[in-house]
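Listed below are the residues making up each chain.
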Amino acid sequence: MRAARNTMTETTILTDTLEQTSVLFGAYDANIKPLERALGVTVLAKDTMSAGGNAVVVRGEDDQAVRLAAECLEYALRMVKLNGALTEQNMDYVISMVTAGKKEELGALDGDCICITTRGKPIKAKTVGQKHYVDAIRKNTVVLGLGPAGTGKTFLAVAMAVKALRAKETSRIILTRPAVEAGERLGFLPGDLQTKIDPYLRPLYDALYEMLGPETYQKHLERGTIEIAPLAYMRGRTLDDSFIILDEAQNTKPEQMKMFLTRLGFNSKAVVTGDITQTDLPSGQKSGLAEAARVLEGIEDIAIHQFTERDVVRHKLVQQIILAYEKYDKEKTKRSSGAPTEEKRYRFDRR
């Protein structure tokens, strides 16, 4: 009796131009290789002059895998048409969402441009988690954005602040961070106070430079419509008609966080960002951000948004690093509680 022959399923996605096909594939097929590995399919570019354009062909022995791969490519192509670019991280995210049965949620990312940079680049939410965060900022007076590095917490908050300033929804932007790392060493650094605190506020400068350009940023700074200062400078003030961002808030003490939140004035909005797993506070010191997330939960007009490793838009290794540390921390907690860990079981098996 002859064995049944494997049948190959094939589907085609048309692109408008050869350039779109090239962007979709990426340099050395970097965007396509993760898709082929994840779903066990083959993806090829094909010239279809008779159809008036180009095409991407998906082949595989599993009908379901071919269908999912085609859905991933169709959405990735939409990203190319909207943004003119596609990264390996974008494709990884699309694959994770489609294979998890959440492809409808990806549609929420289409066309929601927050603002345009000085180089003409649109700033948009790149993940569903980022979209929910941006929507929370739109709808609420106070938003706490918690999550790992690379999720766009600060960058998107600054983009929303710039948008509000341009639309005259607010009269000024106030950006602040706790200079915990400096401690008593701040007095020994060369230069005036602004020079000393600049290194701790540099990420905020970088975001504003990209969105406004150095000249426009400097004009706003001179007029006082943009203010960047250490958290200690907020004490005793009432911040009216302002968009206020507290960055690296995991390094605040509970009393500092309460002080900041109570500075809020009329027609103002506050966004607090941080990663409670990366505090620089002295050992045993409670984080004001962690406490605030518990204290403020359930209060109307305050949103608490939790990012996950899926929302990381930096190098793909950042996601793996975050997951590795989460696993390590869980094992460390088990060891401290006396519960059996993977390491202990492994050693026991070898004896």
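About the criteria used
- Residues numbered from 1 in each chain as written.
- Predicted model: local features only at pLDDT ≥ 70, side-chain atom pairs only at ≥ 80, totals over all residues.
- Heavy atoms only, no water.
- Disulfide = S-S within 2.5 Å.
- Buried < 20%, exposed > 50% of the residue type's maximum accessible area, 1.4 Å probe, protein only.
- Helix = DSSP H or I, 4+ residues; strand = E, 2+ residues; numbered from the N terminus.
- Polar contact = N/O pair within 3.5 Å; in protein donor to acceptor, adjacent residues only side chain to side chain.
- Contact = heavy atoms within 4.5 Å.
- Pairing = 2+ DSSP bridges.
- Axes fitted to C-alpha atoms, helices over the stretch in contact; angles between N-to-C directions.
- pLDDT = per-residue confidence, 0-100.

Caption draft 1: Structural view of the state of the cysteines. Scanning all chains against the criterion turns up zero disulfides. Not engaged in a disulfide, the cysteine cysteine 113 finds its nearest cysteine sulfur in cysteine 115; these two sulfurs lie 6.6 Å apart. According to the relative accessible area criterion, cysteine 113 is partly exposed, its value standing at 28%. Judged by its relative accessible area of 6%, cysteine 115 falls in the buried class.

Caption draft 2: Focus on the side chain of asparagine 140. Inspection of the secondary structure puts asparagine 140 in the loop between α6 (128-139) and β6 (142-146). Under the relative-accessibility criterion, asparagine 140 is labelled buried at 16%. Polar contacts involving the side chain of asparagine 140 include one to the main-chain carbonyl oxygen of alanine 136, which spans 2.9 Å. What asparagine 140 contacts, discounting residues up to four positions off in sequence, is Lys269, Asp301, Ile302 and Ala303.

Caption draft 3: Spotlight on the sheet that holds strand β7 (residues 172-177). As summarised here, the arrangement of the six strands in space is β8-β7-β9-β10-β6-β11, forming an open sheet in which the pairing is parallel. Two strands close off the open sheet at either side, each with one partner strand: β8 (226-230) and β11 (302-306). Taking each pair of neighbouring strands and ignoring which way they run, the sheet shows an average axis angle of 15 degrees. For β6 and β11, the ladder comprises five bridges, and the chain directions are parallel. Paired with leucine 144 across the strands is isoleucine 304, a residue of β11. The sheet strands contacting α6 are β6, β9 (242-246), β10 (269-274) and β11, and the helix crosses β10 at an angle near 150 degrees. Strands in contact with helix α7 (residues 153-166) are β6, β7, β9 and β10; relative to β9, the strand with the most contacts, it is inclined by about 170 degrees.

Caption draft 4: Up close: the confidence of the model for the chain. Per-residue confidence for the chain gives a mean pLDDT of 82, with 81% of residues at or over 70. For residues 182-186, every residue scores under 50 in pLDDT, and the model assigns this stretch five contacts once sequence neighbours within four places are set aside. Scored below 50 in pLDDT, residues 343-351 makes five contacts in the model with residues more than four places away or belonging to other chains.

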